[in-house]
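# Structural overview
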Amino acid sequence: MSRAPKVLFAAVLCGTLLLPSCQHEPPVAPEVVVDDDGGGGGPLPISEPCDTDTVYFAQSILPLLVSNCAGPGCHDAISHESGVRLYDYSNIMQQVDPGDPNNSDLLTDGIWETGDNAMPPSPNPSLTPAQQDLIVTWIQQGATNNSCTGGCDTSNVTFSGTIAPLVQNNCAGGSCHDANAPAGNINLTTYAGVAQIASNGSLAGAIQHQAPYTSMPPGLWLTQCQIDQVLIWVQDGSPNN
């Protein structure tokens, strides 16, 4: 399997995994794949190179909001507290006025709030000033659904540095495979949980949207870089490194 990323796209979320037995790890997904659950087409090409002066939705904003705001009982797909959903671009944009942070409910009625209205709510820690600045800058730059190529490290893939954050941002939050009420009784907040689905082929099959597995994320795709990183880790024996 090539370790060079081929095609990138912007989309992250989480989904329920099926766990039939598999004796081998599937190869990297092809560039064009017919998706059987409406996600369409496979990883999408993105030509924009990463710019240090640009804040990218896929790389910075979505993982930040999903992990801090779209957990169980909050602004996830099931609970959507106060009618607010913060787990994908279209829903997040209902709380954002592009170019105008001071008129964006995401900030004024949420992240900048204090006391009982603070988001994330107590006892969870508030977003750091640096995290808040990322969101402000993204909105000032037009709040686009942007992503970028470059910066994909497939030479040093570890569980702690690569796989755990990837799974946490895309699979273990938002009323999916968290510790409190894990979908399908699959808890992906621990190494043991991730290693189990890695060892039986479910993880590789699900992120490549291959039958008979339930696609993960459902109807969406990880970036090709993320897919490559997961497959590299799986084929290296899924070490707890």
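What counts and how
The numbers attached to residues start from 1 for each chain and follow its sequence in the written order. Local features are withheld for residues below a pLDDT of 70 in this predicted model, meaning they are given only at 70 or higher, and side-chain atom pairs are given and counted only at 80 or more; totals for whole chains, interfaces and linings count all residues. Excluded from the side-chain calculation are hydrogens and water; included are all heavy atoms of the structure. Helix and strand assignments come from DSSP, with helices taken as H or I runs of at least 4 residues and strands as E runs of at least 2, each series counted from the N terminus. For every residue, the accessible area (1.4 Å probe, protein chains only) is compared with the maximum for its type, and the residue is labelled buried under 20%, exposed over 50%, or partly exposed between those bounds. Whether two residues are in contact is decided by their heavy atoms, any of which lying within 4.5 Å being enough. Per-residue accessibility takes into account occlusion by the displayed protein chains alone, with areas from the Shrake-Rupley method and a 1.4 Å probe. Pairing of aromatic side chains here covers Phe, Tyr and the six-membered ring of Trp, requires ring centres within 6.5 Å, and sorts the geometry by plane angle: under 30 degrees stacked, over 60 edge-to-face, intermediate tilted. Take the residue count of a helix, subtract one, and multiply by 1.5 Å to get its expected span. Take the buried Ala, Val, Leu, Ile, Met, Phe, Trp, Tyr and Cys residues and link them wherever side-chain atoms come within 4.5 Å; each set so joined is a nonpolar core. Every axis corresponds to a line fitted to the C-alpha atoms, with the helix fit spanning only the stretch in contact, and the corresponding angles, defined between N-to-C directions, vary from 0 to 180 degrees. Just so you know how the angles are binned, under 35 degrees is roughly parallel, over 145 roughly antiparallel, 65 to 115 roughly perpendicular, and the rest oblique. Crossings are sorted by hand: turned counterclockwise from the far helix by less than a right angle, the near helix makes the crossing left-handed, and turned clockwise it makes it right-handed. Asp, Glu, Lys and Arg are counted as charged, while Ala, Val, Leu, Ile, Met, Phe, Trp, Tyr, Cys and Pro are counted as nonpolar; the rest, among them Gly, fall into the polar class. The predictor attaches a confidence to each residue, and that confidence, scored 0 to 100, is pLDDT.

### A closer look at the overall build of the protein
The number of helices and strands found in the protein is eight helices and zero strands. Put simply, the protein has 241 residues, and 47% of those count as buried. Within the protein, counting contacts between residues at least 6 apart in sequence, those at least 24 apart form 70% of the total. Here the protein has roughly 10900 Å² of accessible surface; of this, 50% comes from carbon and sulfur atoms.

### Brief notes about the packing of aromatic side chains
This model, assessed by the stated rule, comprises four aromatic pairs. Seen from their ring centres, Phe 57 and Tyr 89 are 5.1 Å apart, and the 80 degrees between their planes marks the pair as edge-to-face. In this pair, Phe 57 sits in helix 1 (residues 57-69) while Tyr 89 sits in helix 2 (residues 89-92), placing the two residues 32 residues apart along the sequence. Looking at Tyr 89, the relative accessible area reads 24%, which means it is partly exposed. Among the aromatic residues, those joined into a ring-pair cluster are Phe 57, Tyr 89 and Trp 138.

### Some words on helix 8 (residues 224-235)
Helix length check: helix 8, at 12 residues, gives a terminal C-alpha distance of 16 Å against a target of 16 Å (1.5 Å per residue), a fit within 8%. Taken across its 12 residues, helix 8 has 11 buried, putting it largely inside the fold. Within the span of helix 8, buried status applies to Gln 224, Cys 225, Gln 226, Ile 227, Asp 228, Gln 229, Val 230, Leu 231, Ile 232, Trp 233 and Val 234. Each element contacted by the buried residues of helix 8 is listed here: helix 5 (159-170), helix 6 (191-199) and helix 7 (202-207). Where helix 8 ends, the next residue or the one after it, Gly 237, has phi of about 100 degrees, a positive value.

### Topic: the nonpolar core
Counting 25 residues, the largest nonpolar core has Ile 163, Leu 188, Val 194, Leu 203, Ile 207, Val 230 and Trp 233 as the members making the most contacts within it. Of all elements in the fold, only helix 5, helix 6, helix 7 and helix 8 reach the threshold of two or more residues within this core. Of the residues forming this core, the biggest block, six residues, is contributed by helix 8. Listed in part, the 23 residues of the second largest apolar core include Phe 57, Ile 61, Met 93 and Met 119.

### Here's the deal with the environment of Asn 145
For Asn 145, the position within the fold is in the loop between helix 4 (129-140) and helix 5. Once the C-alpha coordinates of Asn 145 and Ile 61 are considered, the two residues, 84 residues apart in sequence, prove to be 9.7 Å apart.

### Focus: the packing of helix 5 against helix 8
One can describe the packing of helix 5 onto helix 8 by two numbers: an axis separation of 11 Å at closest approach and a directional angle of 125 degrees. With respect to helix 8, the axis of helix 5 lies oblique. As helix 5 runs across helix 8, the sense of the crossing is left-handed. For the pair formed by helix 5 and helix 8, the contact residues are Phe 159, Thr 162, Ile 163, Leu 166 and Asn 170 on the first element and Gln 226, Gln 229, Val 230 and Trp 233 on the second. Class assignment for the residues of the contact of helix 5 with helix 8 results in five nonpolar, four polar and no charged.

### Some thoughts on the confidence of the model for the protein
Taken over all residues, the pLDDT of the protein has a mean of 73, while the share at 70 or more is 68%. Mean pLDDT per element in the protein: helix 1 is the minimum at 80, and helix 4 is the maximum at 91.

### Comments concerning the side chain of Thr 158
Along the chain, the position of Thr 158 falls in the loop between helix 4 and helix 5. Take Thr 158: its relative accessible area is 18%, and that puts it in the buried class. Contacts of Thr 158, omitting those with residues within four sequence positions, involve Ile 163, Trp 233 and Asn 241.

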